[in-house]
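# Analysis of the macromolecular model
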Amino acid sequence: MNALSKGAEYFISLFQAGGKTLVGQITGILPTLACLMVVVKAIIKFIGEEKLDSFAQHSSSNTFMRHLILPAISWFVLTNPMCYSMSKFMPEKYKASFIDSTFSLAHPFTGLFPHTDPGELFIWLGVASGIQKLGLPIGGLAIRYLLAGCVLAFIRGSLTDKLWMYFAKKNNLQVD
């Protein structure tokens, strides 16, 4: 009977832990996200959607801007998950590669700029603690991590562009 009681207590403790996590999310990230969404919407209204569309259209024609500069600005300024909203202003044919490049910068950006994706900070902190245990500095690692992420983002974004164009042409989709 004692084992059955312990099993029931353990079972309910799983749901209690889930409830604590849910409350933490509701009181933590949801208000922050709601405020960030309001501010971003206000900035879009203030600047004008047409100007942002024009900027994104102009910037997206440059591979370097599309795969490195715009994703980096999105991460630094808008953070996760709002950084992906910048794709709204991209031409349809570049949305997938922009998102791919932006995804590729998530972890590398967190090493130098923890505010960009606090939910993924545990990965960087795990790597950093191992490096610190070896008595090595983590600053250089963070910079190399970011540079490697930029190279990867550029390669992935460029490859996604080529794949999208290939499949669009294969399926007779308009690519302009």
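See the structure printed just above.
Here we summarise the structure given alongside this text. Quantities reported herein were computed from a predicted structural model and do not represent experimental measurements.

For the rest of this paragraph, the subject is the environment of Phe109. For Phe109, the position within the fold is in helix 6 (residues 106-112). Judged by its relative accessible area of 6%, Phe109 falls in the buried class. For the pair Phe109 and Phe154, spaced 45 residues apart in sequence, the C-alpha separation works out to 14 Å. When near neighbours in sequence (up to four residues on either side) are disregarded, Phe109 contacts Ala72, Trp75, Phe76, Thr116 and Leu146.

Quick look at the packing of helix 4 (residues 63-78) against helix 8 (residues 139-170) now. For the pair helix 4 and helix 8, interaxial distance at closest approach is 9 Å and the crossing angle is 135°. When the interaxial angle is binned, helix 4 and helix 8 end up oblique. Crossing hand, helix 4 versus helix 8: right-handed. Contact residues: helix 4 offers Thr63, Phe64, Arg66, His67 and Leu68, while helix 8 offers Cys150, Ala153, Phe154, Gly157, Ser158 and Asp161. For the contact of helix 4 with helix 8, a count of residues per class yields 5 nonpolar, 4 polar and 2 charged.

On inspection of all chains with the given rule, the structure shows 3 salt bridges. In this structure, the salt-bridge partner of Lys95 is Glu92, at a minimum N-O distance of 3.4 Å. With Lys95 and Glu92 both in helix 5 (residues 92-104), this residue pair falls 3 residues apart, about one helical turn. Residue classification places Lys95 among the partly exposed residues on the basis of a relative accessible area of 24%. Relative accessible area serves as the criterion here: at 56%, Glu92 is assigned to the exposed category. Across the pair Asp100 and Arg156 runs a salt bridge whose closest N-O atoms are separated by 2.5 Å. Highlighted residues: Asp100 in helix 5 and Arg156 in helix 8, separated in sequence by 56 residues. Assessed through its relative accessible area of 35%, Arg156 is described here as partly exposed.

This brings us to helix 4. The end-to-end C-alpha distance of helix 4, which contains 16 residues, comes to 21 Å, matching closely the 22 Å that a straight helix rising 1.5 Å per residue would cover. At Ile69, helix 4 is bent by approximately 30°, the largest bend along its length, and proline Pro71 sits one to four residues beyond. Within helix 4 the residues assigned to the buried category are Arg66, His67, Leu68, Leu70, Pro71, Ser74, Trp75 and Leu78. Near the N-terminus of helix 4, the side chain that reaches the backbone nitrogen of Phe64, with its oxygen 2.8 Å away, is that of Asn62. Just beyond helix 4, the residue with positive phi is Thr79, at close to 60°.

Rules of the game
Residues numbered from 1 in each chain as written. Predicted model: local features only at pLDDT ≥ 70, side-chain atom pairs only at ≥ 80, totals over all residues. Heavy atoms only, no water. Helix = DSSP H or I, 4+ residues; strand = E, 2+ residues; numbered from the N terminus. Buried < 20%, exposed > 50% of the residue type's maximum accessible area, 1.4 Å probe, protein only. Contact = heavy atoms within 4.5 Å. Axes fitted to C-alpha atoms, helices over the stretch in contact; angles between N-to-C directions. Parallel < 35°, antiparallel > 145°, perpendicular 65-115°, else oblique. Left-handed = near helix turned anticlockwise from the far one by under 90°. Nonpolar A, V, L, I, M, F, W, Y, C, P; charged D, E, K, R; others polar. Salt bridge = Lys/Arg side-chain N within 4 Å of Asp/Glu carboxyl O. Expected span 1.5 Å × (residues − 1). Bend = angle between axes of the 7 residues up to and from the residue. Polar contact = N/O pair within 3.5 Å; in protein donor to acceptor, adjacent residues only side chain to side chain.

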